[in-house]
Amino acid sequence: MTGTAARYLCLARHGEATEDESALSPNGRRQAVLLGERLRDAGVPLAAIHHGPLSRAAQTAHLVGEQLPGVPLEASEAAGDYVPYVPRAEELPPDAAGRLLGFLERTPEDDRERGPGLAREALARFTGPVAGETPRHELVVTHNFLIGWLVRAALDAPAWRWMGVNHANAALTVIRYAPGRPASVLFLNDMSHLPQDLRWTGFPPEPRF
């Protein structure tokens, strides 16, 4: 019988985008190259680089891939930008429900309608141990919402708790899915490969340490 092995899922938000979000900014291009260099220099044996269909994610993935010759790039709607779960008011903390629901109402209706199906697809496609005896390392270049969704799933948090998990541009998160063990978030929102002037872009204006 075929066994199972660990999956190491690397998650990166796309690099900083231009104001109209149609492409990467010069800073975003630098961020993407540095992310690729980090993965190359660490010797991460990536089997694939998945990315969402929007240009800022696709461009980031291609720049990362240029630092990792031979690693295939795979576009995926499941790695795209969408609302993964729309909670009911009664699921939310009473003191935060109005603010959270108000935020969701400002997102595009299409993102809310198609998002839950794509979120289920992302869980099926990108998470859990893999068949065989060889561990698998994959990178998903995506958007803030999906990273929050996958992190909250790894922690068995309520479905609505993807909200409030923020990720900086080109930062790195790694989740391990090992057979017979709970999923483990090895690190989250790591920007150590970026110089100070390229850190924290895309992040809310919170205190930064």
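Up top you'll find the structure we're talking about.
A brief structural summary. Small disclaimer: the values here were computed from a predicted structure and weren't measured.

1. Topic: the overall build of the protein chain
Here's step 1: Looking only at helices and strands, one finds five helices and eight strands in the protein chain.
Here's step 2: The N-to-C order of helical and strand elements in the protein chain reads β-β-α-β-α-β-α-α-β-β-α-β-β.
Here's step 3: Over its C-alpha atoms the protein chain spans a radius of gyration of 17 Å, differing by no more than 12% from the 17 Å that the globule rule assigns to 209 residues.
Here's step 4: Each principal axis of the C-alpha distribution contributes one length, and for the protein chain these read about 50 × 45 × 35 Å.

2. Some details on the packing of aromatic side chains
Here's step 1: As enumerated under the stated definition, the model contains four aromatic pairs in all.
Here's step 2: Ring geometry for Tyr-85 and Trp-149: centres 6.4 Å apart, planes at 15°, overall stacked. You can see Tyr-85 sitting in the loop between strand S4 (73-75) and helix H3 (97-105) and its partner Trp-149 sitting in helix H5 (residues 144-154), a full 64 residues away along the chain.
Here's step 3: The class of Tyr-85 is partly exposed, set by a relative accessible area of 21%.
Here's step 4: Overall, the relative accessible area of 6% leaves Trp-149 in the buried class.
Here's step 5: Seen from their ring centres, Trp-200 and Phe-203 are 5.0 Å apart, and the 70° between their planes marks the pair as edge-to-face. The pair Trp-200 / Phe-203 is uniform in exposure class, with both members buried.
Here's step 6: Ring pairing ties together the aromatic residues Phe-103, Phe-145 and Trp-162, which thus form one cluster.
Here's step 7: It is Arg-152 that lies over the ring of Trp-149; its NZ or CZ is 4.1 Å from the centre.

3. Observations concerning the nonpolar core
Here's step 1: Ranked by size, the top nonpolar core spans 27 residues in total, and within it Leu-9, Leu-11, Phe-126 and Trp-162 carry the most contacts.
Here's step 2: Looking at which element gives the most residues to this core, the answer is H5, with seven residues.
Here's step 3: Apart from residues lying up to four places away in sequence, Leu-9 is in contact with Phe-126, Glu-138, Val-140, Leu-150, Thr-173, Val-174, Ile-175 and Tyr-177.
Here's step 4: Counting residues in each nonpolar core, the second largest holds 15 residues, with Leu-39, Ala-57, Val-64 and Val-141 among its members.

4. As for helix H2 (residues 55-66)
Here's step 1: In this model H2 runs 16 Å from its N-terminal to its C-terminal C-alpha over 12 residues, within 8% of the 16 Å that 1.5 Å per residue would give.
Here's step 2: Within H2, the full set of buried residues consists of Arg-56, Ala-57, Ala-58, Thr-60, Ala-61, Leu-63, Val-64 and Gly-65.
Here's step 3: Where the residues of H2 are buried, they touch helix H1 (26-41), strand S3 (46-51), S4 and strand S6 (136-142).

5. Some points on the sheet that holds strand S7 (residues 172-177)
Here's step 1: Taken in spatial order, the six strands make up an open sheet running S4-S3-S6-S2-S7-S8, and their pairing is mixed. The sheet is open, and its two edges are formed by S4 and strand S8 (184-190), each paired on a single side. The sheet shows a mean angle of 20° between the axes of neighbouring strands, taken without regard to direction.
Here's step 2: On top of the sheet, H1 reaches strand S2 (7-13), S3, S6, S7 and S8; it is set at about 40° to S7, its chief contact.
Here's step 3: Of the strands in this sheet, S2, S3, S4, S6 and S7 touch helix H4 (residues 109-126), which is tilted by about 135° from S2.

6. Description of the side chain of Asp-111
Here's step 1: Mapping Asp-111 onto the fold places it in helix H4.
Here's step 2: Not counting the four nearest positions on each side in its chain, Asp-111 is found in contact with Asp-81, Tyr-82 and Val-83.

7. Remarks on the side chain of Asn-144
Here's step 1: Structurally, the position occupied by Asn-144 is in helix H5.
Here's step 2: Looking at Asn-144, the relative accessible area reads 14%, which means it is buried.
Here's step 3: Residues in contact with Asn-144, not counting those within four places in the same chain, are Arg-13, Val-165, Asn-166 and His-167.

8. Here's the deal with the packing of H4 against H5
Here's step 1: Between H4 and H5, the least distance of the axes is 11 Å, while the angle of their chain directions is 55°. Classified by the interaxial angle, the pair formed by H4 and H5 is oblique. Seen from above, H4 lies across H5 with right-handed handedness. Where H4 abuts H5, its residues Ala-119, Ala-122 and Leu-123 lie against Leu-146, Trp-149, Leu-150, Arg-152 and Ala-153.
Here's step 2: Residue composition of the contact of H4 with H5, by class: seven nonpolar, no polar and one charged.

Rules used throughout
- Residues numbered from 1 in each chain as written.
- Predicted model: local features only at pLDDT ≥ 70, side-chain atom pairs only at ≥ 80, totals over all residues.
- Heavy atoms only, no water.
- Helix = DSSP H or I, 4+ residues; strand = E, 2+ residues; numbered from the N terminus.
- Rg over C-alpha atoms; globule rule 2.2 N^0.38 Å.
- Phe/Tyr/Trp six-rings, centres within 6.5 Å; stacked < 30°, edge-to-face > 60°.
- Buried < 20%, exposed > 50% of the residue type's maximum accessible area, 1.4 Å probe, protein only.
- Lys NZ or Arg CZ within 6 Å of the ring centre and 35° of its normal.
- Core = buried A, V, L, I, M, F, W, Y, C linked by side-chain atoms within 4.5 Å.
- Contact = heavy atoms within 4.5 Å.
- Expected span 1.5 Å × (residues − 1).
- Pairing = 2+ DSSP bridges.
- Axes fitted to C-alpha atoms, helices over the stretch in contact; angles between N-to-C directions.
- Parallel < 35°, antiparallel > 145°, perpendicular 65-115°, else oblique.
- Left-handed = near helix turned anticlockwise from the far one by under 90°.
- Nonpolar A, V, L, I, M, F, W, Y, C, P; charged D, E, K, R; others polar.

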